[in-house]
Amino acid sequence: GGELSQIPVRVSSRMITRLGALVLNAATGAAAEIAISRRHMMRDEEAEVRDTLLHEMVHQWQVETGHAPDHGRSFKAKAREIGITPAARRVVGGPRTD
């Protein structure tokens, strides 16, 4: 709904154990960028990658609205509100089950 600030989305070839991450500005604590694993983008279904992006955007929303960027109450409520599961679906780097 246009609530979030525009920040860069970077595709990372170095991310191995994580699917995505919200990177904060060390000096200000503001959301600086969202990083998405290249491996995740190449290997997994588009819907999973979209959910990862939305997951990180929920963290961005937390930061921009004064909540701690965690997986607590505010994260779970916002994740459900936008239609994503507020929990990991599979072990990163583990064997595929499909």
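A few words now on helix H3 (residues 73-82). By the burial criterion, the buried members of H3 are Ser74, Phe75, Lys78 and Ala79. Down the axis, H3 shows its buried residues gathered within 125° of arc, on one side only. Seen from the open side of H3, the exposed residues pointing more than 90 degrees away from its buried face are Arg73, Arg80 and Glu81. Of the surrounding secondary structure, the elements contacted by the buried residues of H3 are helix H2 (46-64). Taken from the residues just after H3, Gly83 is the one with a positive phi, measuring 90°.

This part is about the sheet that holds strand E3 (residues 31-37). Strand order across the open sheet formed by three strands is E1-E3-E2, with mixed pairing between neighbours. With partners counted over all chains shown, the strands left at the sheet margins are strand E1 (9-12) and strand E2 (20-24), one partner each. Sheet twist, expressed as the mean angle between neighbouring strand axes with direction ignored, is 30°. Relative to E3, E2 runs antiparallel, the two being bridged by five bridges. Note that in E3 the partner of Leu22 across the bridge is Ile34. Strands in contact with H2 are E1, E2 and E3; relative to E3, the strand with the most contacts, it is inclined by about 160°.

Conventions and cut-offs
Residues numbered from 1 in each chain as written. Predicted model: local features only at pLDDT ≥ 70, side-chain atom pairs only at ≥ 80, totals over all residues. Heavy atoms only, no water. Buried < 20%, exposed > 50% of the residue type's maximum accessible area, 1.4 Å probe, protein only. Helix = DSSP H or I, 4+ residues; strand = E, 2+ residues; numbered from the N terminus. Arc of directions from axis to C-beta. Contact = heavy atoms within 4.5 Å. Pairing = 2+ DSSP bridges. Axes fitted to C-alpha atoms, helices over the stretch in contact; angles between N-to-C directions.

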